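Spelled out, the chains give:
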Amino acid sequence: MSSPDVTWGCGGERPLRRDAERNRRRILEAAREVFAERGLGVTMDDIADHADVGVGTVYRRFPEKEALIEALFEERVEELVSLAQEAMAEDDPWDALVGFLERGQALQASNRGLKELVLSTGYGRERVACMRDRMAPLVHGLVERAQASGQLRPDIVGTDLPLIQVMLGGIVDFTRDVDPDTWRRMLAIIVDGLRAREPLTPLEAPALDPSQVEQAMHGWKPLRC
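Q: What exactly am I supposed to notice about the overall build of the protein chain here?
A: The helix and strand tally for the protein chain stands at 10 helices and two strands. Taken across its 225 residues, the protein chain has 40% of its residues classed as buried. Considering only contacts in the protein chain between residues 6 or more positions apart, those separated by 24 or more positions represent 69%. When the accessible surface of the protein chain is split by element, carbon and sulfur atoms take 53% of a total near 12700 Å².

So this is what it looks like as structure tokens:
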């Protein structure tokens, strides 16, 4: 019989004692909270302090911060993809596009770490690259549907949407301690600017292509408060 103080992992993984498993759960919960509140720039010492365990305990469970980030954000990244898929299934193309922008931004505004993960290439490179590859055709589809319905101005392209997210993310960081919902006001202003209305103000600069967006995200650094 196995010891009552041992918890067996899946797939024949080495079992963890119950106290070790409790520490693992405590570390994950602490990391979830500090990443959401302060972003991915926190240290393993910060996480250990928040979990009230020694930093050596954190490193025994997660040898590097990348592994901890991977463990925490897999479901949240998938949630973003699901938002785009659900938007594509909506009947009204304009409501689908605007709803996707609003729900996606709300998800990122509530979790600073997720926002930084999505908008940079510093962590979770393979997972985020896969997410972007899956998201790109969905985002382009949302744009094309809204343009075909005559509701979205014709000079908008799919790569404009992640840049709008960066803009709104900056507002989130700037107003977080004053009014964390200010980004919703800015989104309403942006949405009005996306509508197909005459006369349209000419866009002075061309849209970035996907490789340029990737290059910009590679060099993007989150605001550190």
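Q: Got a minute to help me understand the pattern of salt bridges in this structure?
A: Here the structure, examined in full by the defined rule, presents 13 salt bridges. With its nearest N and O atoms 2.6 Å apart, the salt bridge here joins K115 to D173. Of this pair, K115 sits in helix α6 (residues 112-119) while D173 is found in helix α8 (residues 160-175), placing the two residues 58 residues apart along the sequence. Residue K115 is classed as buried on the basis of its relative accessible area of 2%. The class for D173 is buried, based on a relative accessible area of 8%. The closest approach of N and O atoms between R176 and D173, which form a salt bridge, is 2.9 Å. Under the relative-accessibility criterion, R176 is labelled partly exposed at 21%.

Q: Just to check I follow, could you spell out the environment of R185 for this structure?
A: If you trace the backbone, R185 turns up in helix α9 (residues 182-194). Separated by 17 residues in the primary sequence, R185 and L168 place their C-alpha atoms 10.0 Å from one another.

Q: Explanation requested: the nonpolar core in the structure shown.
A: General note: in soluble globular proteins, nonpolar side chains tend to be found buried as a group. Counting 57 residues, the largest nonpolar core has F35, I47, L68 and F100 as its most contacted members. Here the element with the most residues in this core is helix α4 (residues 65-88); it accounts for 10 residues. Filtering out sequence-adjacent residues up to four positions away, F100 remains in contact with L80, L83, A84, A87, M135, V139, L142 and L161.

Q: Just checking my understanding: could you explain unusual backbone geometry for this structure?
A: In this model, E198 is joined to P199 through a cis peptide bond whose omega is -5°. Relative to the helices and strands, P199 is located in the loop between α9 and α10 (210-219). The backbone of D52 sits at a positive phi, close to 60°, despite the residue not being glycine. Here D52 shows up in the loop between α2 (44-51) and α3 (55-61).

Q: Mind showing me how you'd approach α6 here?
A: Each α-helix turn comprises 3.6 residues. Residues three or four places apart therefore point the same way. Taken across its eight residues, α6 has eight buried, putting it largely inside the fold. Regarding α6, its N-cap is N111, as a side-chain oxygen of that residue lies 3.2 Å from the backbone nitrogen of G113 further along.

Q: Quick question: what am I supposed to make of the packing of helix α5 (residues 93-109) against α9 here?
A: To describe two helices that pack against each other, one gives the angle between their axes and the distance between the axes. Running from N to C, α5 and α9 cross one another at 155°; their axes reach a closest spacing of 11 Å. Of the possible angle classes, the one that applies to α5 and α9 is roughly antiparallel. Regarding α5 and α9, the two cross each other, and that crossing is right-handed. Taken together, the residues of α9 that come into contact with α5 (itself represented by W94, V98, L101, E102, Q105, A106 and A109) are W183, R184, L187, V191 and L194.

Q: Please clarify how the confidence of the model for the protein chain should be interpreted in this entry.
A: One rule of thumb: low pLDDT means the predicted coordinates there are not for detailed reading. Here the protein chain shows a mean pLDDT of 85. Residues at 70 or above account for 87%. Within the protein chain, the lowest mean pLDDT, 40, falls on strand β1 (residues 6-7), and the highest, 97, falls on α9. Confidence over residues 1-13 falls short of pLDDT 50; this stretch has 15 contacts with residues more than four positions distant or in other chains.

Q: For this particular structure, what's the right way to read the environment of V53?
A: With respect to the helices and strands, the residue V53 is situated in the loop between α2 and α3. With relative accessibility at 13%, the residue V53 sits in the buried group. If near-sequence neighbours (up to four positions away) are discounted, V53 is found in contact with N23, R26, I27, A48 and V58.

Calculation notes
Residues numbered from 1 in each chain as written. Predicted model: local features only at pLDDT ≥ 70, side-chain atom pairs only at ≥ 80, totals over all residues. Heavy atoms only, no water. Helix = DSSP H or I, 4+ residues; strand = E, 2+ residues; numbered from the N terminus. Buried < 20%, exposed > 50% of the residue type's maximum accessible area, 1.4 Å probe, protein only. Contact = heavy atoms within 4.5 Å. Areas by Shrake-Rupley, 256 points an atom, 1.4 Å probe, with all protein chains shown as cover. Salt bridge = Lys/Arg side-chain N within 4 Å of Asp/Glu carboxyl O. Core = buried A, V, L, I, M, F, W, Y, C linked by side-chain atoms within 4.5 Å. Polar contact = N/O pair within 3.5 Å; in protein donor to acceptor, adjacent residues only side chain to side chain. Axes fitted to C-alpha atoms, helices over the stretch in contact; angles between N-to-C directions. Parallel < 35°, antiparallel > 145°, perpendicular 65-115°, else oblique. Left-handed = near helix turned anticlockwise from the far one by under 90°. pLDDT = per-residue confidence, 0-100.

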